[in-house]
Amino acid sequence: MTSPEKSLPPGQYVPRGFPVLHYGPVPRFRPERWDFRVYGPTADGSEGRWDWTEFQKLPRTGVVADFHCVTKFTIPDNLWEGVTGRTLTELVPPHPDVTHVMLWAEYGYSANIRIEDLTAEGTVFATHHNGEEITPDHGFPVRAVVPHLYAWKSVKWSRGFEYLIGNQRGFWEERGYHNTADPWREQRYSYQED
């Protein structure tokens, strides 16, 4: 249970355990085929690509953050460990006109976020949760974690991100979910957009 002094976003509750929700099957991890890419309009036109071994050698950070699902549960005080979005943007800087990124995952799943969400303190491409490797149901080998937004923006089975000049809707955004997804403003559905 969350401590009395810690507040939850409106309409959220703390469940027992960590529910598992996703669309489609859990992908099989094949390390020999896996890579992580950063591409699109970059500052110098190059692209970043790391295989599994190389990705594990990138600088790692631990982030403690709550996890807010649009289905109204919040898991407080998670420890996520991995490579920050800020680190990846320093390794492969975006073109100055980039405003958004599309987070890409297995099976072509996607979620859009603003560039400032990617570089925010706390955004991490996590390989570990609470000191252990993330489980396949929760996104192994890499899960994007954007803790200040609803969890559909925290893409499981991440394979990279694409810089965008302008905004494009991702998988759930095309199906009626809010483009921004701020849990403190209860931005759940597209009809709530200004």
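For clarity, every value in this text was computed on a predicted model and none was experimentally measured. Within any chain, residue numbers begin from 1 and follow the written order of that chain's sequence. Residue-level local features of this predicted model are given only where pLDDT is at least 70; pairs of side-chain atoms are given and counted only at 80 or more, and the full residue set underlies all totals for whole chains, interfaces and linings. Side-chain calculation: all heavy atoms of the structure are included, whereas hydrogens and water are not.

S.K.: Quick rundown of the nonpolar core? Include the residues and the values.
M.R.: Phe36, Phe55, Leu103, Phe125 and Phe161 are the most contacted members of the largest nonpolar core, which has 32 residues in total. A helix here means a DSSP run of H or I that spans at least four residues, while a strand means a run of E at least two residues long, and both kinds are numbered starting from the N terminus. Of all the secondary structure elements, the ones that give two or more residues to this core are β1 (35-39), α1 (52-56), β5 (100-105), β6 (110-114), α3 (115-118) and β10 (158-164). The dominant element in this core, judged by the number of residues it contributes, is β5, at three residues. We call two residues in contact when some of their heavy atoms are within 4.5 Å. Look past the residues within four positions of Phe161 in its chain and what remains in contact with it is Phe36, Arg37, Val38, Tyr39, Leu88, Thr89, Val101, Met102, Leu103, Trp104, Leu118 and Phe125. Core analysis: the next-biggest nonpolar cluster, separate from the first, contains twelve residues, Phe67, Phe73, Ile75 and Ala151 among them. Joining through side-chain atoms within 4.5 Å is the link that ties buried Ala, Val, Leu, Ile, Met, Phe, Trp, Tyr and Cys residues into a set, and such a set is a nonpolar core. To sort residues, take the accessible area from a 1.4 Å probe on protein chains only and compare it with the maximum for the residue type: under 20% means buried, over 50% means exposed, and anything in between is partly exposed.

S.K.: Now, about the side chain of Ser110: what can you tell me, with residues and values included?
M.R.: Along the chain, Ser110 falls in strand β6. Not counting residues up to four positions away in its chain, the partners in contact with Ser110 are Met102, Leu103, Trp104, Gly170, Phe171, Trp172 and Glu173.

S.K.: I'd love a proper account of the pairing of strand β3 (residues 61-68), names of residues and values included.
M.R.: Where β3 lies against strand β4 (residues 74-84), seven bridges are found, and the strand directions are antiparallel. In the strand pairing of β4, Phe67 is matched with Ile75. By this definition, two strands are paired if DSSP reports at least two bridges between them. Here β3 hands over to β4 after five residues, with Lys72 in that stretch at a positive phi of 95 degrees.

S.K.: I'd like to hear about the sheet that holds strand β2 (residues 48-51), residue by residue, with values.
M.R.: One open sheet holds the five strands; their spatial order is β2-β1-β10-β5-β6, and the pairing between them is mixed. Edge positions in the sheet fall to β2 and β6, since each of these pairs with one other strand and no more. On average, each strand axis in the sheet is inclined to that of its neighbour by 15 degrees, with strand direction left out of account. Here, axes are lines fitted to C-alpha atoms. For helices the fit covers the stretch in contact, and angles between N-to-C directions go from 0 to 180 degrees.

S.K.: Can you lay out the side chain of Arg143 for me, pointing to particular residues and giving the numbers?
M.R.: Mapped onto the elements of the fold, Arg143 is located in strand β9 (residues 143-145). One buried charged residue, Arg143, forms no salt bridge at all, with the nearest opposite charge on Asp137 at 9.9 Å. Pairs of N or O atoms are called polar contacts if they sit within 3.5 Å, as long as, within protein, a hydrogen donor faces a hydrogen acceptor (for residues adjacent in sequence, only side-chain-to-side-chain pairs). Looking at Arg143, its side chain comes within polar contact range of the main-chain oxygen of Ser154, at 3.0 Å. When near neighbours in sequence (up to four residues on either side) are disregarded, Arg143 contacts Phe67, Trp80, Val124, Phe125, Ala126, Ile134, His138, Ala151, Ser154, Val155, Lys156 and Ser158. Two residue types count as positive, namely Lys and Arg, and two as negative, namely Asp and Glu; His and chain ends fall outside the count. Salt bridges are identified by distance alone: a Lys or Arg side-chain nitrogen within 4 Å of an Asp or Glu carboxyl oxygen.

S.K.: Talk me through unusual backbone geometry; I want residue IDs and the actual numbers.
M.R.: With an omega of 15 degrees, the peptide bond running from Phe140 to Pro141 counts as cis. One can find Pro141 in the loop between β8 (132-133) and β9. In this structure, Lys72 takes a positive phi of about 95 degrees despite not being glycine. Positionally, Lys72 belongs in the loop between β3 and β4. Judged by relative accessible area, which is 41%, Lys72 ranks as partly exposed.

S.K.: I'd love a proper account of the pattern of salt bridges, names of residues and values included.
M.R.: Throughout the structure, instances matching the rule amount to eleven salt bridges. Salt-bridge contacts for Arg37 lead to Glu47; the nearest nitrogen and oxygen are separated by 3.1 Å. Remark: Glu47 occurs in the loop between β1 and β2 and Arg37 occurs in strand β1; sequence separation between them is ten residues. Under the relative-accessibility criterion, Arg37 is labelled partly exposed at 24%. Salt-bridge contacts for Arg159 lead to Glu106; the nearest nitrogen and oxygen are separated by 2.8 Å. Here Glu106 lies in the loop between β5 and β6 and Arg159 lies in strand β10, a separation of 53 residues in the sequence. Each of Asp35, Arg37, Glu47, Arg49, Glu106 and Arg159 takes part in a single network of salt bridges with overlapping partners.

S.K.: How would you sum up the environment of Arg28? Please name residues and give values.
M.R.: Checked against the element boundaries, Arg28 lands in the segment before β1. Note: C-alpha distance between Arg28 and Ser190 (162 residues apart in sequence) is 32 Å.

S.K.: Talk me through the packing of aromatic side chains; I want residue IDs and the actual numbers.
M.R.: Whether two aromatic rings pair depends on their centres lying within 6.5 Å, for rings of Phe, Tyr and Trp, where Trp uses its six-membered ring; planes under 30 degrees apart make the pair stacked, over 60 edge-to-face, and the rest tilted. Overall, the coordinates contain 22 aromatic pairs when judged by the stated rule. With a centroid separation of 6.0 Å and 40 degrees between ring planes, the pair formed by Phe67 and Trp80 is classed as tilted. Of the two residues, Phe67 is situated in strand β3 and Trp80 in strand β4; the sequence distance between them amounts to 13 residues. For the residue pair Phe67 and Trp80, the accessibility class agrees, reading buried in each case. Seen from their ring centres, Tyr150 and Trp152 are 5.9 Å apart, and the 15 degrees between their planes marks the pair as stacked. Members of the aromatic cluster, connected to one another through ring pairs, are Phe29, Trp34, Phe36, Trp50, Trp52, Phe55, Phe125, Phe140, Phe161 and Tyr163. In this structure, Arg37 packs its charged tip against the face of Tyr39, placed 4.0 Å from the ring centre. For a lysine, the NZ atom is tested; for an arginine, the CZ atom; a charge sits over a ring if that atom is within 6 Å of the ring centre and within 35 degrees of the ring normal. Positioned above the aromatic ring of Phe171, the side-chain terminus of Arg175 is 3.8 Å from the ring centre.

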